[in-house]
Each structure stands twice: as structure tokens, then as C-alpha cells.
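Structural overview
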Amino acid sequence: RFSQQKRLGSFFSFDASRASQRQPYHLFGTISRDLCDLDDSWKQQLLNIAKDDFALLTTESVQRLFESFILGPSAKLTVIGPIVIIIDALDESGDVTARKGILSTLLKKIDDLPSNLRIIVTSRPEKDIQDAFGHNEYVKHFAMDTISRTSTNNDLSQFIDSQLSDIPSFDEEWFSKYQRSRLVDASEGLFQWAATACLFIQGNGRPGADPSELFNNLFSGQSGGLHTLYHTILARVYPTDNRSLGRFRS
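Being a predicted model, the structure only gives us computed values, none of them experimental. (Residues numbered from 1 in each chain as written. Predicted model: local features only at pLDDT ≥ 70, side-chain atom pairs only at ≥ 80, totals over all residues. Heavy atoms only, no water.)

Our next topic: the layout of surface pockets. Considering only enclosed or pocket space, the largest pocket measures out at about 2200 Å³ in volume. V121, T122, S123, F142 and M144 are, among the 50 residues lining the largest pocket, the residues nearest its centre. Those elements that provide at least two residues to the lining of the largest pocket are β1 (8–13), β2 (83–88), β3 (117–121), α6 (127–133), α7 (149–164) and α9 (191–202). No other element matches β3, which puts 5 residues into the lining of the largest pocket. Tallied by class, residues from the lining of the largest pocket come to 28 nonpolar, 11 polar and 11 charged. (1 Å grid on protein atoms, 1.4 Å probe; cavity = no way out; pocket = protein on both sides within 12 Å on 5 of 7 lines; lining within 4 Å. Points joined across faces, edges and corners; volume = space filled by probe spheres on them. Helix = DSSP H or I, 4+ residues; strand = E, 2+ residues; numbered from the N terminus. Nonpolar A, V, L, I, M, F, W, Y, C, P; charged D, E, K, R; others polar.)

Set out below in C-alpha cells:
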């Protein structure tokens, strides 16, 4: 919605599967580049700051990057109204040492930003992140487990539809509203379960894999959350004879 309204300043996701692009020093440069698309004055300010400073373009100092690429241009921000910046999966930015610079920089400098710049950070509740943001007057917390199950189930239903609609044989004949609700109920509010189940149903590109058979295979045993889900998937992928299992475990 904010993207459609030209209010999404930037979306940066620390994707664990793309290690080379999830370094902390990539964060603020990417955000600043994205903000250039919303505000011409930001673009001009960024150019003035960076054009003759090669050391700035190559530094890995998170604090210096924030001060130069975010604080500097923001001083002459002309856009009126809220601009949202999303930093997704902060816990995937590395270990405690790697993300220390981001946390300390945000906490020290966040109140220097214009009041219409708002930052949404998503993360698993890692202790260092909770401790850093836990007692800051500029931070408002929302925990996933406090969101109503009805709201979560609606999101899960949309997520499952978006994932399985890419299957060429996707149709109502094998994937009815009832089957969709079974997946939602089995997820028990866990997007990780839903994501893993959808990947399994898609067949991961295996020749001859039939989505309806894979769906039924998920519910052929007793329910048991992620443990049972992974067991079902592994039982299909790996041979079950003791000799092969022994080699796999070793």
C-alpha cells in the first residue's frame, strides 16, 4: 500500500540465502539510493556528499555510512507526509558482533531523523536486538504472538494461495477451500510450517511429482507441527533402509 502511494522509501531484507548481499554496510547505502527515487533534493544532497569522497564509497563503517547517506540528505528532505523504511530480518544480518554496528547506530542517531521518516524493523527476538531496542522511547514494539489468530490465519491463507497458484496444475479440483483451510489449521500460526509445506507440495521440480498426492501425503500421518512435517518430507526424500540411513547419519 505504501509503495502504491509513493511512501515506501526503501525495503531492505537481510536474506540468509544471499550472504554476499547481507553485509551490514550494504544497508544504508541501499536505503539512500532508494530514497533518491522519491525525493529529488535527496538525490542532489547524496551526490554532493559522495561525489568527491572515494573513501566514503568504500568504507565499511556503519556509523559513517548512516551519517553520510541517511542523516546528511535527510536534513533537506522536501517530501511532506510519512515515508516508511523497512529493514527486514535484522537477525539474519550476521551474528551478534556483525549487527552490533547497526544496532548502536540506530539507537544513537534515530532521534536525529526527520519526524516523517519511520523505520519498521522485523526480526526474530534475539537477545541483543531485544536489549538494544527494549528501553528506547522512539521504539514501539509489536510481537507476532500477540496478533489475533484470525488475522494470522487470513495472512496464512493469502500466503498459501500466492505460493501454490504458481503450480501449472493449480485448480479448484484438487485444491479446494477446505484443503486450503486444512493447511492453515495445520500451520498453527507458523509461517515456517506453511512455507515448508508449500515447497513440499510444489514438488521442488522433481519429475513426476503430483501436487495433490504430495498434499495428501502431508496429512497421511498424525499431526505434530514442524517435527512431523519434516519427518514426512525426509521420509519421502531419503531411503529408509538401515544401511543407507547409517551412511547418511555418519
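This part covers a nonpolar patch on the surface. There is a patch of nonpolar side chains on the surface, built from Y230, L234, V237, Y238 and F248 and spanning about 470 Å² of accessible area. On the secondary structure map, Y230 appears in helix α11 (residues 225–237). (Patch = residues over 30% accessible without salt bridge, like charges linked within 9 Å, V, L, I, M, F, W, Y side chains within 5 Å. Areas by Shrake-Rupley, 256 points an atom, 1.4 Å probe, with all protein chains shown as cover. Salt bridge = Lys/Arg side-chain N within 4 Å of Asp/Glu carboxyl O.)

In this section: the sheet that holds β2. Ordered in space as β1-β2-β3, the 3 strands form an open sheet in which the pairing is parallel. Of all strands in the sheet, those bounded by a partner on one side alone are β1 and β3. Averaged over all neighbouring strand pairs, the angle between strand axes comes to 10°, with direction disregarded. (Pairing = 2+ DSSP bridges. Axes fitted to C-alpha atoms, helices over the stretch in contact; angles between N-to-C directions.)

Attention now moves to the pairing of β3. Note: β2 against β3, 5 bridges, orientation parallel. By the bridge assignment, V84 is partnered in β3 with R118. A crossover connection joins β2 to the parallel β3 through helix α5 (residues 96–109); in handedness this β-α-β unit is right-handed. (Right-handed = clockwise from strand over helix to strand, strands pointing away.)

Before going further, it helps to examine empty space enclosed by the protein. Inspection of every chain in the model, using the stated rule, returns 1 cavity of 30 Å³ or more. Here the largest cavity is characterised by a volume of approximately 40 Å³. Surrounding the largest cavity, F28, I31, F66, I70, I85, I87, L106 and I119 form its lining. Of all elements in the fold, only α1 (26–35), α4 (62–74) and β2 reach the threshold of two or more residues within the lining of the largest cavity. Class assignment of the residues belonging to the lining of the largest cavity gives a composition of 8 nonpolar, no polar and no charged.

Our focus in this paragraph is the pattern of salt bridges. Opposite charge on two side chains makes pairing possible when the charged atoms of those side chains draw close. This structure, assessed with the given rule, holds 8 salt bridges. For the salt bridge of E92 with R124, the shortest nitrogen-to-oxygen distance reads 2.9 Å. A residue pair is termed long-range when its members are at least 10 positions apart, and E92 in the loop between β2 and α5 and R124 in the loop between β3 and α6 qualify at 32 residues. Across the salt bridge formed by D161 and R180, the nearest N and O atoms sit 2.4 Å from each other. Of this pair, D161 sits in helix α7 while R180 is found in helix α8 (residues 177–187), placing the two residues 19 residues apart along the sequence. Note on D161: relative accessible area 24%, which makes it partly exposed. Relative accessible area serves as the criterion here: at 13%, R180 is assigned to the buried category. (Buried < 20%, exposed > 50% of the residue type's maximum accessible area, 1.4 Å probe, protein only.)

It is worth spelling out the packing of aromatic side chains at this point. Considering all chains together, one arrives at 3 aromatic pairs under this definition. Their ring planes at 65° and their centres at 4.8 Å tell us that F12 and F14 sit as a pair that is edge-to-face. Taken together, a centroid distance of 5.9 Å and an interplanar angle of 70° make the contact between F159 and F191 edge-to-face. Here the residue F159 occupies a position in helix α7, and F191 occupies one in helix α9, the gap between them amounting to 32 residues. (Phe/Tyr/Trp six-rings, centres within 6.5 Å; stacked < 30°, edge-to-face > 60°.)

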